[in-house]
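So you can see what is in the structure, the chains are spelled out below.
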Amino acid sequence: MPGLVVVGSQWGDEGKGKIVDFLAQEAQVIVRFQGGNNAGHSVKVGEELYKLHHLPSGILRSDKLAVIGNGVVIDPGVLLGEIEALAKRGKSASNLRISDRAHVIMPYHRLLDGAEERLRKGSKVGTTGRGIGPAYSDKAARLGIRMGELIDENLLEEKLRFAIPLKNKLLQAFGSETTIDEKKALEEFAEYGRLLKPLVTDTGAIVDEALSRGDKVLFEGAQGTMLDIDHGTYPFVTSSTTVSGNAASGSGVPPSALHEVIGVTKAYTTRVGEGPFPTELKGELQERIAEKGGEFGTTTGRSRRCGWLDLVVLRYAHSLNGFTGLAITKVDVLGGMDEVKVCTHYRLDGRKLTRFPSDLRILERCEPVYESFKGWEDLDSTRMEDVLKGGFSRLPRSLMDYIRFVEKESGIRTVLIGLGRRRSELLDLRKER
Ligand code: GDP
Ligand code: IMO
Ligand code: MG
């Protein structure tokens, strides 16, 4: 299908990067459509680990066009650093295009992000501190600076001479000890503009033309459905629309360009930062999953909270994204456990609740109800090879039961199963089932 969207169905870090990297082999264009460098997508190719924040995961395949769409917010210094780091590892970014409509994250956005969090005291969001919220706020307030302006030195100067004094006043009012040096910022960002200029263009036209040619386009989401600004656990969310519908708007193409939507879910759940998490585990089990799953943030290094898979969340995500297929990642992390649990619904005041509530006060009173499964054995390399060759029926029986149960309860067909961290450790069921 020409337009395929990949989005997270939980609170981020579901393994989207790895799934996009795998599917990118069949696509000609890969587009990131929202978020910024709050995202951290890890892809392991052989023994090489790549951590991508701004760059679409498709950048690792040099014959593809990688696009940063209009819905993204960009920290140009970070982006250039990422491009440089890849170049040092022999990967060129000559196949990258950046939307002239994407907004720029300025140093005052980062400072405001920190200052706002400090002011919140006991009710912090636990942001990544990358300036994402303030950058999207400025976009909505029509005070933002777009990439098309960053690359035009005169326009940039005009915009910054207006914005910086205003933001410095705000920073002082927010109790920030640091403010922005106008002259330094002007020089720094004019240089970023010069360096990035060759890559900045109307990317909507590029994606549109690719689709018209019949090329395959992969739309790469960041964060996850439960971090969506409208549908997530507000206010403990990010500042962009993370659901599949935004792949169109955030890339500059019509919704009719989105033909398939793959939802990525871990076989369990993780969350970084603050906010509700109904199936969260504490103690030994949490530690075991976190350790085996390497659950430490790609972006901030913070440890991720871990819990069981939540089908209330998955069904809700399906209702918002319209998944045509499910990618279940990290089933290997639960390998070797005696018992694996899945939350099928919540109980609220003695009643069964199957739809995720919008009111966090109600959510707090919800009690998850679990179905218990027998654990499955770890797969050694011979067994892994056998599964990758032989398909679904070669998986451990209890894992097959687990996956079938998730499919039945969510109404989504599983198309990919993550069996390990490497690019090759992925079972592709698209032809088989
Ligand atoms: P993303 O933000 O959704 O792209 O996910 P992250 O990259 O932040 O976090 C997912 C982590 O799990 C990364 O370290 C991946 O390398 C790793 N990963 C992805 N799929 C699998 C899998 O099937 N098994 C294991 N063990 N690790 C995986
Ligand atoms: P990927 O793309 C997990 C979380 C932060 C915080 C909240 C708001 O790697 O899945 P922000 O800096 O966006 O204003 O922070 O959102 N968050 C993520 N959690 N994965 C991500 O991205 C995230 N991006 C933001 O931890 O709770
Ligand atoms: Mg991540």
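Source: prediction; values computed, not measured. (Residues numbered from 1 in each chain as written. Chains lettered and ligands numbered in written order. Predicted model: local features only at pLDDT ≥ 70, side-chain atom pairs only at ≥ 80, totals over all residues. Heavy atoms only, no water.)

Draft legend 1. Spatial organisation of the site of ligand 1. Around ligand 1, the surrounding shell holds 19 residues, and the nearest of these are Lys 16, Gly 40, Ser 42, Asp 332 and Arg 421. For ligand 1, an oxygen atom lies 2.8 Å from a polar atom in the backbone of Gly 17. A distance of 2.8 Å separates an oxygen atom of ligand 1 from a polar backbone atom of Gly 40. Isolated, ligand 1 exposes 580 Å² of accessible area, and the fraction of that covered by the protein chains is 96%. (Near = heavy atom within 4 Å. Polar contact = N/O pair within 3.5 Å; in protein donor to acceptor, adjacent residues only side chain to side chain. Areas by Shrake-Rupley, 256 points an atom, 1.4 Å probe, with all protein chains shown as cover.)

Draft legend 2. Structural view of the coordination of the magnesium ion (ligand 3). The coordination sphere of the magnesium ion (ligand 3), as far as protein atoms go, consists of Asp 13 (OD) and Gly 40 (O), spread over 2.0 to 2.1 Å. With Asp 13 in the loop between β1 (3–8) and α1 (16–23) and Gly 40 in the loop between β2 (29–32) and β3 (41–45), this pair connects stretches of sequence that are 27 residues apart. Classification of Gly 40 as buried rests on a relative accessible area of 10%. (Donors = N, O, S within 2.8 Å, 3.2 Å for Na, K, Ca; no water. Helix = DSSP H or I, 4+ residues; strand = E, 2+ residues; numbered from the N terminus. Buried < 20%, exposed > 50% of the residue type's maximum accessible area, 1.4 Å probe, protein only.)

Draft legend 3. View of the site of ligand 2. Around ligand 2, the structure places 20 residues, and the nearest of them are Asp 13, Lys 16, His 41, Thr 128 and Thr 238. Taking Asp 13, its main chain carries an N or O atom lying 2.8 Å from an oxygen atom of ligand 2. Within the contact set of ligand 2, an oxygen atom lies 3.2 Å away from a backbone nitrogen or oxygen of Val 272. Relative to its free-state accessible area of 550 Å², ligand 2 is covered by the protein chains to the extent of 98%. Taken together, the residues that form the shell around ligand 2 break down as 7 nonpolar, 10 polar and 3 charged. (Nonpolar A, V, L, I, M, F, W, Y, C, P; charged D, E, K, R; others polar.)

Draft legend 4. Geometry of the domain arrangement of the chain. Domain parsing of the chain yields domain 1 (3–102 + 199–257), domain 2 (105–196) and domain 3 (266–428). Here the C-alpha centre of domain 3 lies 38 Å away from the C-alpha centre of domain 2. Taken together, the 6 residues of domain 2 in the interface contact 5 residues of domain 3. When the two sides are added together, the surface that domain 2 and domain 3 hide from each other amounts to roughly 380 Å², 47% of it contributed by carbon and sulfur. Ranking the residues of domain 2 by area buried against domain 3 places Gly 126, Thr 128 and Arg 130 at the top, with a combined share of 69%. Linking domain 2 with domain 3 are 2 residue pairs in polar contact (both at pLDDT 80 or more). Looking at side-chain class alone, the side of domain 2 that touches domain 3 contains 1 nonpolar, 3 polar and 2 charged residues. (Domains from an automatic or database assignment. Contact = heavy atoms within 4.5 Å. Buried area = accessible area lost by both parts, 1.4 Å probe.)

Draft legend 5. Inspection of the packing of helix α2 (residues 76–88) against helix α7 (residues 182–196) at higher detail. Where α2 contacts α7, the two axes come as close as 10 Å, and the packing angle between them is 45°. With respect to α7, the element α2 is oriented oblique. When the axes of α2 and α7 are compared, the crossing they make is left-handed. The segment α2 lies against α7, with Pro 76, Gly 77, Leu 79, Leu 80 and Ile 83 engaging Phe 189, Tyr 192, Leu 195 and Leu 196. Residues of the contact of α2 with α7, tallied by class, amount to 8 nonpolar, 1 polar and no charged. (Axes fitted to C-alpha atoms, helices over the stretch in contact; angles between N-to-C directions. Parallel < 35°, antiparallel > 145°, perpendicular 65-115°, else oblique. Left-handed = near helix turned anticlockwise from the far one by under 90°.)

Draft legend 6. Up close: the pairing of strand β12 (residues 268–271). Burial along β12 is two-sided: the residues Tyr 268 and Thr 270 and Thr 269 and Arg 271 are all buried. Note: β12 against strand β13 (residues 305–310), 4 bridges, orientation antiparallel. Each residue of the ladder has a partner; that of Thr 269, found in β13, is Gly 307. (Pairing = 2+ DSSP bridges.)

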